[in-house]
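Residue-level structure breakdown
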Amino acid sequence: MMLKSFVSLTVLGLANLAPSLAFPQYGSLAGLSAREWDELVPRLNQVNPPNPPAPLKYNGTKLVHDRAHPFRAPKQDDIRGPCPGLNTLANHGYLPHNGVASPSQIVDAVQEGFNMEHDTAVFVTYAAHLVDGNLVTDLLSIGGKTRKTGPDPPAPAIVGGLNTHAVFEGDASMTRADFNFGDNHSFNQTLFDQFVDYSNRFGGGFYNYTVAAELRFQRIQESIATNPQFSFISPRFFTAYAESTFPVNFFVDGRSAEKKLDMQTATLFFRDGKYPEDFHRASQPSSTEGIDIVASAHPIAPGENRDGKINNYVPDPTSADFSTFCLLYTNFVNQTIGGLYPNPTGVLRRNLAKNLRFFYSGIATAGCEELFPYGQV
């Protein structure tokens, strides 16, 4: 289906980045020498990753802010990141409160807590884990780098978490500042005030797909005008449009027939990472419904500000866009993952093979040829 293709593209856009561009801040476990790796592996809690969780048995709406999942504010050492949905799930106990989770825990949480469609949950989660997680310990930080995912590999290798710039986190966020301005993961009140303003101007006080389209275009234009390092190529090109639909699809109470988000509820999710009282999840498994409305309202080609200059946006014909699919999967596996892990051995190779299989299972019906760069297990 077209909408499911859009979902897949939001993650498959990772394929278009060379490893050096996809990981400007962090290396990977594959950066270790054979000797360093042999010394490190025995100190890690080696996990044989289990199969992804199954779809929900009951996938209708239900109360999710219940007695078993009260709000608990994060403590000083708890990790939170750029995604208000994951922050909320951690604050309500659907994810570990410390902000470090296994892919299986994340798939379960986004299904149970928001009713995210199963294939989307699997595909997005394992893509994130492959590029940002610790593949030996099977742990991923929903925010920044932390030793909680396991012992740090020797420099320059490090497990970066979801705060890693230019992978899932990216420029022109609705409520987070661009990486070039410093803090790219904390709630930004000025940007949220604009979110409210656009909801008033274009949505009668509510955030809907129309507001999403206008605000998405505005944030792109603002970054072009103010951020000399602005980049809007794959994967950010896709995830930006996807994230614009999420507040409508996941933050609106599932008992409501209207696809519009009120500002009080928006404040709780974006600022506080908190469910409203008596909140019920989406009424059916949901994904990026509405992304076609958002993307088509103000079409713009993938590109970036060139030469470190503002207002110098140049389309990048080498970046993926919405017109390709299986090639993106192929490049993600062969270039992005292959570049990060060129010669893995032992448990790392086994876990790469398994996680790539899980990753592919999210698009198994799309007709793409599955690749096995590390063999089959």
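Counting secondary structure elements, the protein chain contains 13 helices and seven strands. When the 377 residues of the protein chain are sorted by exposure, 56% land in the buried category. Pairs at least 24 apart in sequence give 73% of the contacts found in the protein chain among residues at least 6 apart.

On to helix 12 (residues 326–340), then. If you check helix 12, its first and last C-alpha atoms are 20 Å apart, about what 15 residues at 1.5 Å a residue would give, namely 21 Å. Of all the bends in helix 12, the largest measures some 35° and sits at Phe 332. Three or more residues of helix 12 are buried, namely Leu 328, Tyr 329, Asn 331, Phe 332, Val 333, Thr 336, Ile 337 and Leu 340.

Moving on, we get to the sheet that holds strand 6 (residues 303–305). Strand order in the open sheet formed by three strands is 4-6-7, with antiparallel pairing between adjacent strands. The sheet is open, and its two edges are formed by strand 4 (231–232) and strand 7 (313–315), each paired on a single side. In this sheet, strand 7 lies alongside strand 6 in antiparallel orientation, the contact comprising three bridges. Residue Gly 303 lies in a different strand from strand 7, and its bridge partner there is Pro 315.

The next point concerns the environment of Ile 291. Note that Ile 291 resides in helix 11 (residues 291–297). Along the sequence, Ile 291 and Ala 212 sit 79 residues apart, while their C-alpha atoms lie 9.2 Å from each other.

Before going further, it helps to examine helix 6 (residues 118–132). Across its 15 residues, helix 6 extends 21 Å between first and last C-alpha, which sits within 8% of the 21 Å expected from 1.5 Å per residue. Most of helix 6 is tucked away, with 13 of its 15 residues classed as buried. A side-chain oxygen of the first residue of helix 6 lies 3.1 Å from the backbone nitrogen of Asp 119; this N-cap is Glu 117.

Between helix 7 (residues 189–203) and helix 8 (residues 209–226), whose axes approach to 9 Å, the crossing angle comes to 135°. One finds that helix 7 runs oblique with respect to helix 8. In the crossing of helix 7 with helix 8, the sense of the turn from one axis to the other is right-handed. Contact residues: helix 7 offers Leu 191, Gln 194, Phe 195, Tyr 198, Ser 199, Phe 202 and Gly 203, while helix 8 offers Thr 210, Val 211, Glu 214, Leu 215, Gln 218, Arg 219 and Glu 222. Across the contact of helix 7 with helix 8, the residue classes break down as six nonpolar, five polar and three charged.

As a further point, take the confidence of the model for the protein chain. Model confidence for the protein chain is summarised by a mean pLDDT of 86, while 86% of its residues fall at 70 or above. Ignoring residues within four places in sequence, the model shows residues 1–27, a span with pLDDT below 50, making 89 contacts including any to other chains. Taken together, the stretch residues 153–157 has pLDDT below 50 and engages in twelve contacts with residues farther than four places along the chain or on a different chain.

Applying the stated criterion across every chain yields a total of 31 aromatic pairs. Centroid distance Phe 246 to Phe 250: 5.4 Å. Interplanar angle 65°. Geometry classified as edge-to-face. Here Phe 246 pairs with Phe 250, and both are found in helix 9 (residues 236–250), just four residues apart, close to one helical turn. According to the relative accessible area criterion, Phe 246 is partly exposed, its value standing at 27%. Lying across the ring of Tyr 198, Arg 201 places its NZ or CZ 4.7 Å from the centre. Sitting above the plane of the Phe 206 ring, Lys 260 keeps its charged end 4.2 Å from the centroid.

Even without being glycine, Asp 138 reaches a positive phi, approximately 65°. Among the structural elements, Asp 138 can be located in the loop between helix 6 and strand 2 (140–141). Under the relative-accessibility criterion, Asp 138 is labelled buried at 6%. If you check the backbone angles, Ala 172 has positive phi at about 65° while not being a glycine.

Okay, the packing of helix 7 against helix 10 (residues 263–272) next. The contact between helix 7 and helix 10 brings their axes to 11 Å, and the two run at 155°. Comparing the axis directions of helix 7 and helix 10 gives the class roughly antiparallel. Relative to helix 10, helix 7 is oriented so that their crossing is right-handed. Contacts between helix 7 and helix 10 involve Phe 192, Phe 195, Val 196 and Ser 199 from the first element and Met 263, Ala 266, Thr 267 and Phe 270 from the second. Of the residues in the contact of helix 7 with helix 10, the class split is six nonpolar, two polar and no charged.

Cut-offs used in this document
Residues numbered from 1 in each chain as written. Predicted model: local features only at pLDDT ≥ 70, side-chain atom pairs only at ≥ 80, totals over all residues. Heavy atoms only, no water. Helix = DSSP H or I, 4+ residues; strand = E, 2+ residues; numbered from the N terminus. Buried < 20%, exposed > 50% of the residue type's maximum accessible area, 1.4 Å probe, protein only. Contact = heavy atoms within 4.5 Å. Expected span 1.5 Å × (residues − 1). Bend = angle between axes of the 7 residues up to and from the residue. Pairing = 2+ DSSP bridges. Polar contact = N/O pair within 3.5 Å; in protein donor to acceptor, adjacent residues only side chain to side chain. Axes fitted to C-alpha atoms, helices over the stretch in contact; angles between N-to-C directions. Parallel < 35°, antiparallel > 145°, perpendicular 65-115°, else oblique. Left-handed = near helix turned anticlockwise from the far one by under 90°. Nonpolar A, V, L, I, M, F, W, Y, C, P; charged D, E, K, R; others polar. pLDDT = per-residue confidence, 0-100. Phe/Tyr/Trp six-rings, centres within 6.5 Å; stacked < 30°, edge-to-face > 60°. Lys NZ or Arg CZ within 6 Å of the ring centre and 35° of its normal.

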